[in-house]
Amino acid sequence: MHDHIETSETEEMTARVRALETILVEKCLVDPASLDAIIETYSEHVGPQNGAAVVARAWSDPAFADWLARDATAAIHSLGFTGRQGEHMQALFNTPDSHNLVVCTLCSCYPWATLGLPPVWYKSPPYRARAVRDPRGVLAEFGVDLPAETRIHVWDSTAELRYLVIPMRPAGTEGWSEGKLATCVSRNAMIGTGLAARP
Ligand code: FE
């Protein structure tokens, strides 16, 4: 599903963004150094490791998990993760009966503060359309096979509200530290296109 559609689209988008950036820089409306700093922040310093820390804390601390369920924005902020595109968060807890999958059908809304920048496939029209129409088929392409009785809930992100999936804790991780638990949590597991697993 992903490969060839994505490549041509990415190239076209990259060319358009470059052209736009050139004009904005020439008109002194944008400072390239500030742009680079923002991109570096979100690609190097903010990333799925933040979300993984949130999940590991939720697995380890029932009071934190309860707080996360009631007020994800505040609970996540308490770990130091906040800012751009993470202002209003909702945590979605997977259970054996219910699996959560996140998409932005309109564009590419994504919880930057906990997951960093979105992967290219998340922004692609095929994912955005098919996650809603055929979530089980999309999950199968990501290698996720859920029991037929597990219901799949698809959540459409907006500019106002971003979602973080809290995957189920893998078996055999009893007594693990939060740091070790975090190694079970992939970016895709927090979007819902993956499951947490022991590394
Ligand atoms: Fe969006």
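Placed above this text is the structure.
Please read all numbers here as calculations on a predicted model, not as lab measurements.

*Asks:* Can you lay out the overall build of the protein for me, pointing to particular residues and giving the numbers?
*Replies:* Scanning the protein from N- to C-terminus turns up 11 helices and 4 strands. Among the 199 residues that make up the protein, the fraction classed as buried is 40%. In the protein, the share of contacts with a sequence separation of at least 24, taken over all contacts with a separation of at least 6, comes to 68%. A total of about 10700 Å² of accessible surface is found on the protein, and carbon and sulfur atoms cover 56% of it. Side-chain charges of the protein comprise 17 positive and 24 negative groups, with the mean position of each set lying 2 Å from the other.

*Asks:* Give a detailed account of the coordination of the iron ion, specifying residues and quantitative values.
*Replies:* Cys 104 (SG), Cys 107 (SG), Ser 108 (N), Cys 109 (N) and Cys 109 (SG) make up the full set of protein donors to the iron ion, lying at 2.1 to 2.7 Å. Along the chain, the residues donating to the iron ion fall in the pattern C-x2-C-S-C.

*Asks:* Account for the pattern of salt bridges, with residues named and values stated.
*Replies:* Scanning all chains against the criterion turns up 5 salt bridges. The closest approach of N and O atoms between Arg 130 and Asp 134, which form a salt bridge, is 3.6 Å. Residue Asp 134 is classed as partly exposed on the basis of its relative accessible area, which comes to 32%. The partner of Glu 141 in a salt bridge is Arg 130, and the shortest N-O contact between them spans 3.1 Å.

*Asks:* How would you summarise the packing of helix α3 (residues 48-60) against helix α4 (residues 62-70) if you had to cite specific residues and measurements?
*Replies:* Interhelical geometry of α3 versus α4 gives an angle of 120° and a closest axis separation of 5 Å. Relative to α4, the element α3 lies oblique. Judged by residue contacts, Val 54, Arg 57, Ala 58 and Ser 60 of α3 engage Pro 62, Phe 64, Ala 65 and Leu 68 from α4. Here the contact of α3 with α4 is composed, by residue class, of 6 nonpolar, 1 polar and 1 charged.

*Asks:* Quick one: what's the story with α4, residue by residue and with numbers?
*Replies:* Taken residue by residue, α4 has Phe 64, Ala 65 and Leu 68 as its buried positions. Seen from one end, α4 has its buried residues packed into an arc of 100°, which puts them on one side. What points out from α4, more than 90 degrees from its buried face, is the exposed set Pro 62, Ala 63 and Arg 70. Those residues of α4 hidden inside the fold are in contact with α3, α5 (72-77), β1 (89-93) and β4 (162-166).

*Asks:* Which residues make up unusual backbone geometry, and what values go with them?
*Replies:* The phi dihedral of Cys 28 falls on the positive side, at around 60°, and the residue is not glycine. Relative to the helices and strands, Cys 28 resides in the loop between α1 (3-26) and α2 (32-45). Residue Cys 28 is classed as exposed on the basis of its relative accessible area, which comes to 67%.

The rules behind these values
- Along each chain, the written sequence defines residue order, and numbers are assigned to residues from 1.
- This being a predicted model, a pLDDT of at least 70 is required before a residue's local features are given, and a value of 80 or more before pairs of side-chain atoms are given or counted; all residues contribute to the totals for chains, interfaces and linings.
- With hydrogens and water stripped out, all remaining heavy atoms of the structure feed into the side-chain values.
- Only DSSP runs of H or I covering at least 4 residues are called helices, and only runs of E covering at least 2 are called strands; the numbering of each starts at the N terminus.
- Relative accessible area decides the class of each residue, using a 1.4 Å probe on protein chains only: under 20% of the type maximum gives buried, over 50% gives exposed, and in between gives partly exposed.
- Contacts are assigned to residue pairs with any non-hydrogen atoms lying within 4.5 Å of each other.
- Calculation of accessible area relied on Shrake-Rupley with a 1.4 Å probe; when residues are assessed, cover is drawn exclusively from the protein chains displayed.
- The convention is simple: Lys and Arg are positive, Asp and Glu are negative, and His and the chain ends are not counted.
- A charged residue contributes its charge at one atom only: NZ of Lys, CZ of Arg, CG of Asp or CD of Glu.
- Here a donor is any nitrogen, oxygen or sulfur atom (N, O, S) within 2.8 Å of the metal, with 3.2 Å used for Na, K and Ca; water is not among the atoms considered, so some sites may look incomplete.
- In the sections that follow, a salt bridge refers to a side-chain nitrogen of Lys or Arg positioned within 4 Å of a carboxyl oxygen of Asp or Glu.
- Lines fitted to C-alpha atoms define the axes, with helix axes restricted to the stretch in contact, and inter-axis angles between N-to-C directions lie between 0 and 180 degrees.
- Roughly parallel means an angle under 35 degrees; roughly antiparallel means over 145; roughly perpendicular covers 65 to 115; every other angle is labelled oblique.
- Residue classes follow a fixed rule: Ala, Val, Leu, Ile, Met, Phe, Trp, Tyr, Cys and Pro count as nonpolar, while Asp, Glu, Lys and Arg count as charged, and any other residue, Gly among them, counts as polar.
- Along the arc lie the directions from the helix axis toward the C-beta atoms.

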